[in-house]
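Listed here are the chains, written in short residue letters.
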Amino acid sequence: MRLPFVKKGLPPASRLLPVVVGVLIAGLFLMIGLVLITPHLEPAGRGQAANITGYSAQGFKGLRDVLEASNYKTTLSRQETGPQKVSDLVIVTLDGDDALFNDDPEYYEPQPVPEESASASASATSSSQTSAQRQEKLKQAQAEASASQAAQEASSTSFQADMEAKKADDYWPTPSAEKAERLLYKPIGKVVLVVAPKWSASPMPSHPRWDINPHFQAPNRVFSQLTLLSPVTKQSVQEDGETRYKITYQRLNYALGRAPLGRYKSYALTPAAGQTTLTKAYTSGRIRGLQSLTGPNLTPLLLGPDGEVLLSRVNPMPGEKPFKAPVYLLSEPDLMDNQMLADPERVAGALSIIEAIAPGAKTVAFDVTFNNLAYEQNLMHHVARAPFIGVPLCLLVLALAMLWSAYSRFGPAHDPSTDTPHGRGVTVLADNAARLIAKAGREPKLAPAYAQLVRDQALKALGLGRHSAGPDELAERLSEKHNTPERYSALRAEADRLSNPMQLLSWARRLHAWKHQITER
């Protein structure tokens, strides 16, 4: 029965076979390509995010381009677990992503403590500052922070509102123990540079990679992310038959200072006294809202004109184990984000900071697992790394073999008209037997039987198959009658003396010439 839309019927299956094989081979190559390439693709650029893929003013895509132009080899680290190559310097940009926190109900703090407001945090540290000028700037920063927080609450992006909602559900977001461990004790760089968060913005509707309405992040949001600069421990406990994780960490009393948001200003930056890491002073370029951070675990390295701490060395607190690599905190991200590209002096200053904290560095890694850009550990990513990389490589060899087998020809094309009537199996069996005899060097032993075969063919061609005389005698009479140059009896006697294939070939030609002289006359 033919389908109504097929007028001439379906083509034979033999014609569809090359198409099927081609589709299978193409699919195999596509699968191998996905396995080998996809896990190592870089993530797409995120517009208003303050990370290495961001193209907006607070992003760090420009920093990577500057480093590559300065003969640094840069990479993006997206792998959270497993062995990784250690670079000379790793840069971590904090931008408030949820990857830094555990906000699931199974994570909780031992004793939830309400988060300190910006004014409380600032007042706790103001007593340690004796300069009247610093107090005035601190008040200015507090007022600016309050205005920024009010703007965030009005746009439904307030971190405080999110915290209140989580407290209503009886659980708190806690810092990630895995991220703190990766930052302090298992870094992928010999030196770690942490860039503190500063800005929040919204994407521009017409250009998603651009931003609008930039404003300060709330101080309590900044302090929450800085909890990763101290060890975070994670312990599993059983409650009501369910496994929960107890997160223990230390909330250090950081102080945040910010210049007024409305004005751009260039600052003279100088190395802090009593340290030898930074030795060069330079001008910051036009910056709006200069941000500084101080804390009990921070050693100042780079200062602003009024003593603002812009770059610090992070130290373990008493009782904490030493960090595996030197850790530095950049309080003012505008010294290295995309805004620095507007000022060549600021670009030179960013490079001088990197050269000072990581002298002789050649490779720089940007750890984007802190920016929620880590890839998932699925089967495809596992088989793209050793030792399972052998699986796609074997598939690649198989695909090449299938391609070669499908488009190659072994010997001449098959002609059904000349095929043996006994079938292909008999032909293959005879061919294998002949090859085995040749391997054993027994071809000359076939000469007597071949002589009898040619004799019988000649007698049959002349109609002498049934005769009273013997076959050998009859063949000899035919030789005499046709006066052949060589007698059959001589050829038959020589067959027993052959010892190599070359003699056999020469003898077979003479025997065939004898047969031709008898049957063709």
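Residues numbered from 1 in each chain as written. Predicted model: local features only at pLDDT ≥ 70, side-chain atom pairs only at ≥ 80, totals over all residues. Heavy atoms only, no water.

A. Quick look at the environment of Arg251. Residue position: Arg251 is located in the loop between strand E10 (242-249) and strand E11 (255-258). Judged by its relative accessible area of 37%, Arg251 is partly exposed. Polar side-chain contacts of Arg251 include one of 2.9 Å to the side chain of Tyr249. (Helix = DSSP H or I, 4+ residues; strand = E, 2+ residues; numbered from the N terminus. Buried < 20%, exposed > 50% of the residue type's maximum accessible area, 1.4 Å probe, protein only. Polar contact = N/O pair within 3.5 Å; in protein donor to acceptor, adjacent residues only side chain to side chain.)

B. Spatial organisation of empty space enclosed by the protein. Considering all chains together, one arrives at three cavities of 30 Å³ or more under this definition. What lines the second largest cavity is a set of 13 residues, and nearest its centre among them are Ala50, Ala196, Pro197, Lys198 and Pro333. (1 Å grid on protein atoms, 1.4 Å probe; cavity = no way out; pocket = protein on both sides within 12 Å on 5 of 7 lines; lining within 4 Å. Points joined across faces, edges and corners; volume = space filled by probe spheres on them.)

C. Representation of the pattern of salt bridges. Across all of its chains, the model carries 15 salt bridges by this definition. A salt bridge links Asp472 to Arg455; the shortest N-O distance between them is 2.4 Å. One end of the pair, Asp472, is in helix H13 (residues 471-482); the other, Arg455, is in helix H12 (residues 447-461), and 17 residues separate them in sequence. Judged by relative accessible area, Asp472 falls into the partly exposed class, the value being 38%. The structure contains a network of salt bridges with shared partners spanning Lys198, Glu332 and Asp334. (Salt bridge = Lys/Arg side-chain N within 4 Å of Asp/Glu carboxyl O.)

D. View of the environment of Arg442. Note that Arg442 resides in the loop between helix H11 (424-440) and H12. Here the alpha-carbon distance between Arg442 and Ser499, two residues 57 residues apart in the chain, equals 9.1 Å.

E. Geometry of the sheet that holds strand E6 (residues 192-195). As summarised here, the arrangement of the nine strands in space is E1-E18-E2-E6-E17-E16-E15-E12-E13, forming an open sheet in which the pairing is mixed. With one partner strand each, in any of the chains shown, strand E1 (73-77) and strand E13 (282-288) form the two edges of the open sheet. Each adjacent strand pair in this sheet contributes to an overall mean axis angle of 30 degrees, direction not counted. Pairing geometry for E6 and strand E17 (residues 327-330), over four bridges, is parallel. Bridging across to E17, Leu193 finds its partner in Tyr328. (Pairing = 2+ DSSP bridges. Axes fitted to C-alpha atoms, helices over the stretch in contact; angles between N-to-C directions.)

F. Representation of helix H2 (residues 61-69) within the structure. Every buried residue of H2 is accounted for by Gly62, Leu63, Arg64, Val66 and Leu67. Positive phi shows up at Asn71, right after H2, with a value of about 70 degrees.

G. Spotlight on the sheet that holds E10. Strand order in this open sheet of three strands is E4-E10-E9, and the pairing throughout is mixed. Two strands bound the open sheet, and with one partner strand each, they are strand E4 (107-108) and strand E9 (232-239). As judged from the two bridges shared by E4 and E10, these two strands associate in the parallel manner. Note on E10: the bridge partner recorded for Tyr107 is Tyr245.

H. Representation of H12 within the structure. Taking 1.5 Å per residue, 15 residues should reach 21 Å; H12 reaches 21 Å between its end C-alpha atoms and fits that length. For H12, the complete set of buried residues consists of Ala447, Pro448, Ala451, Val454, Arg455, Ala458 and Leu459. Angularly, the buried residues of H12 cover 135 degrees about the axis, an arc narrow enough to put them on a single face. Exposed residues on H12 whose side chains face more than 90 degrees from its buried face are Ala449, Lys460 and Ala461. On its buried face, H12 sits against H13, helix H14 (488-495) and helix H15 (501-519). Within two residues after H12, Gly463 carries a phi angle of roughly 75 degrees, on the positive side. (Expected span 1.5 Å × (residues − 1). Arc of directions from axis to C-beta. Contact = heavy atoms within 4.5 Å.)

I. The arrangement of the packing of aromatic side chains in detail. Under the criterion given, the structure shown has four aromatic pairs. Note that Lys234 overlies the ring of Tyr245, its terminal NZ or CZ placed 4.5 Å from the centroid. Taking the ring centre of Phe216 as reference, the NZ or CZ of Arg258 above it sits at 4.5 Å. (Phe/Tyr/Trp six-rings, centres within 6.5 Å; stacked < 30°, edge-to-face > 60°. Lys NZ or Arg CZ within 6 Å of the ring centre and 35° of its normal.)

J. Inspection of the packing of H14 against H15 at higher detail. Closest axis-to-axis distance for the H14/H15 pair is 11 Å, and the angle between their directions is 155 degrees. In terms of their interaxial angle, H14 and H15 are classed as roughly antiparallel. Pair H14 / H15 crosses with left-handed handedness. Where H14 abuts H15, its residues Tyr488, Leu491, Glu494 and Ala495 lie against Trp507, Arg510, Leu511 and Trp514. Its residues placed into classes, the contact of H14 with H15 shows six nonpolar, no polar and two charged. (Parallel < 35°, antiparallel > 145°, perpendicular 65-115°, else oblique. Left-handed = near helix turned anticlockwise from the far one by under 90°. Nonpolar A, V, L, I, M, F, W, Y, C, P; charged D, E, K, R; others polar.)

K. Here's a closer look at the confidence of the model for the chain. Looking at the chain as a whole, the pLDDT averages 80, with 76% of positions reaching at least 70. Within the model, the stretch residues 111-132 combines pLDDT values under 50 with 30 contacts to residues more than four positions away or in other chains. Confidence over residues 147-171 falls short of pLDDT 50; this stretch has 30 contacts with residues more than four positions distant or in other chains. (pLDDT = per-residue confidence, 0-100.)

L. Broad picture of the packing of H12 against H14. Running from N to C, H12 and H14 point in directions that differ by 155 degrees, and their axes come no closer than 8 Å. Taken together, H12 and H14 sit at an angle that is classed as roughly antiparallel. As for how H12 packs across H14, the hand of that crossing is right-handed. Contacts between H12 and H14 involve Ala447, Pro448, Ala451, Gln452 and Arg455 from the first element and Tyr488, Arg492 and Ala495 from the second.

M. Broad picture of unusual backbone geometry. One non-glycine residue, Asn213, lies in the positive phi region at around 55 degrees. The topology assignment puts Asn213 in strand E8 (residues 211-216). Within the chain, Asn483 stands out as a residue other than glycine whose phi angle is a positive 50 degrees. Tracing the chain through its elements places Asn483 in the loop between H13 and H14. Owing to a relative accessible area of 58%, Asn483 belongs among the exposed residues under this scheme.

N. Structural context of the nonpolar core. If you look at the biggest cluster of nonpolar residues, it comprises 41 residues, and the most contacted ones within it are Leu63, Leu89, Leu193, Leu311 and Met336. Ranked by residues supplied to this core, first place goes to helix H8 (residues 344-357) with six residues. Once residues lying within four places of it in the same chain are set aside, the contact partners of Leu193 are Leu89, Val90, Ile91, Val92, Leu311, Tyr328, Leu330, Met336 and Ile357. The next biggest cluster of nonpolar side chains, apart from the first, holds 36 residues, and it includes Val90, Ala177, Val192 and Leu226. (Core = buried A, V, L, I, M, F, W, Y, C linked by side-chain atoms within 4.5 Å.)

O. The pairing of E10, seen in detail. Relative to E10, E9 is paired through eight bridges, and the arrangement is antiparallel. Residue pairing for E10: Thr233 is matched across the bridge by Thr248. In this antiparallel pair of consecutive strands, E9 and E10, the connection spans two residues, and Asp240 shows a positive phi of 55 degrees.

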